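# Architecture and fold: a report
Read off the chains here:
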Amino acid sequence: LKKPGYRLPTVSEWRIAALSGVGGERFYGTDLSLHVRYSWCFDNNAEYMRSIGSTALQPDGTIIIVSKPVGLLRPNDFGLFDVLGNVAEWCNDSNPLSRGENGQPLQRAIMGGAAGGNSRYDNVVEVPFHLMDIEYNSHGFRVARTIPEP
């Protein structure tokens, strides 16, 4: 991004937004049966594919996973949709144990899980890191903004 103040959120900022002021691992509580109401994951992917008139399987039996339009499921209490599932979201934090020859980061944190993920693992606690030089069709981002001091 070239506009001043816009950036990827830190993991801490992402967690605050994802939990929408609620503690724990998931903003909707501990009942994992609620996950499919708030998050695109493996558990509700086939139902979505049928709803758009598509098969959930390729001819070889491989499951088709696609990201979904934002806003089809319920938002969290801050009004944010798809903070868990659909696409995993890049954060600004880098892995301190993964550096290139010049000390530049090679991996960034990725939060929230993706559409093909298992709902049991989509939470705000775990912080996986992924290589930044590979294109993932299951990854996206939210923009954070630093508001300048007056």
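Before reading on, note that the structure itself is shown above.
So, a few notes on the structure that sits alongside this text. This structure is a prediction, so every number in the text was calculated from the model and none was measured.

Procedures and definitions
Residues numbered from 1 in each chain as written. Predicted model: local features only at pLDDT ≥ 70, side-chain atom pairs only at ≥ 80, totals over all residues. Heavy atoms only, no water. Helix = DSSP H or I, 4+ residues; strand = E, 2+ residues; numbered from the N terminus. Contact = heavy atoms within 4.5 Å. Pairing = 2+ DSSP bridges. Core = buried A, V, L, I, M, F, W, Y, C linked by side-chain atoms within 4.5 Å. Buried < 20%, exposed > 50% of the residue type's maximum accessible area, 1.4 Å probe, protein only. Salt bridge = Lys/Arg side-chain N within 4 Å of Asp/Glu carboxyl O. Phe/Tyr/Trp six-rings, centres within 6.5 Å; stacked < 30°, edge-to-face > 60°. Arc of directions from axis to C-beta.

### Observations regarding the overall build of the protein chain
Across its full length, the protein chain carries 3 helices and 6 strands. Sequence-ordered secondary structure for the protein chain, helices as α and strands as β, is β-α-α-α-β-β-β-β-β. Dimensions of the protein chain along its principal axes, counting C-alpha atoms only, are 50 × 35 × 30 Å. Taking the contacts inside the protein chain whose residues are at least 6 apart along the sequence as the reference set, 63% of them involve residues at least 24 apart.

### Here we look at the sheet that holds strand 2 (residues 88-94)
The strand order 4-3-2-5 describes an open sheet built from 4 strands, whose pairing is mixed. At either end of the open sheet lies a strand with only one pairing partner, and these are strand 4 (129-131) and strand 5 (139-140).

### Quick word on the environment of Leu72
Among the secondary structure elements, Leu72 is positioned in the loop between helix 3 (42-51) and strand 2. Measuring from C-alpha to C-alpha, the distance between Leu72 and Ser39 comes to 9.5 Å, with 33 residues separating the pair along the chain.

### Things to note about the nonpolar core
Residues Trp14, Phe27, Tyr28, Val83, Leu84, Cys91 and Val124 are the most contacted members of the largest nonpolar core, which totals 14 residues. Those residues in contact with Cys91 that lie beyond four places of it in its chain are Leu8, Pro9, Thr10, Val11, Trp14, Arg108, Ala109 and Met111. In this structure, Trp40, Tyr48, Met49 and Leu73 belong to the second largest nonpolar core, which totals 6 residues.

### Structural notes on the pattern of salt bridges
Counted under the stated rule, the structure contains 2 salt bridges. A salt bridge links Arg7 to Glu13; the shortest N-O distance between them is 2.8 Å. Where Glu89 meets Arg142, a salt bridge forms, and the shortest distance between an N and an O atom there is 2.9 Å. A residue pair is termed long-range when its members are at least 10 positions apart, and Glu89 in strand 2 and Arg142 in the loop between strand 5 and strand 6 (144-145) qualify at 53 residues. With relative accessibility at 24%, the residue Arg142 sits in the partly exposed group.

### Things to note about the packing of aromatic side chains
Overall, the coordinates contain 3 aromatic pairs when judged by the stated rule. The interplanar angle of 5° and the centroid separation of 5.4 Å between the aromatic rings of Tyr28 and Tyr38 together place this pair among those described as stacked. Taken together, the positions of Tyr28 in the loop between helix 1 (11-19) and helix 2 (35-38) and Tyr38 in helix 2 put the pair 10 residues apart, joining distant regions of the chain. For the pair Tyr28 and Tyr38, one class covers both residues: buried. Site record: aromatic cluster; members linked through ring pairs are Phe27, Tyr28 and Tyr38.

### Things to note about helix 1
Taken as a whole, helix 1 has its buried residues at Val11, Trp14, Ala18 and Leu19. The buried residues of helix 1 occupy an angular sector of 115° when the element is viewed end-on, so they sit on one face. Two residues or fewer past helix 1, Ser20 is found with a positive phi of approximately 50°.

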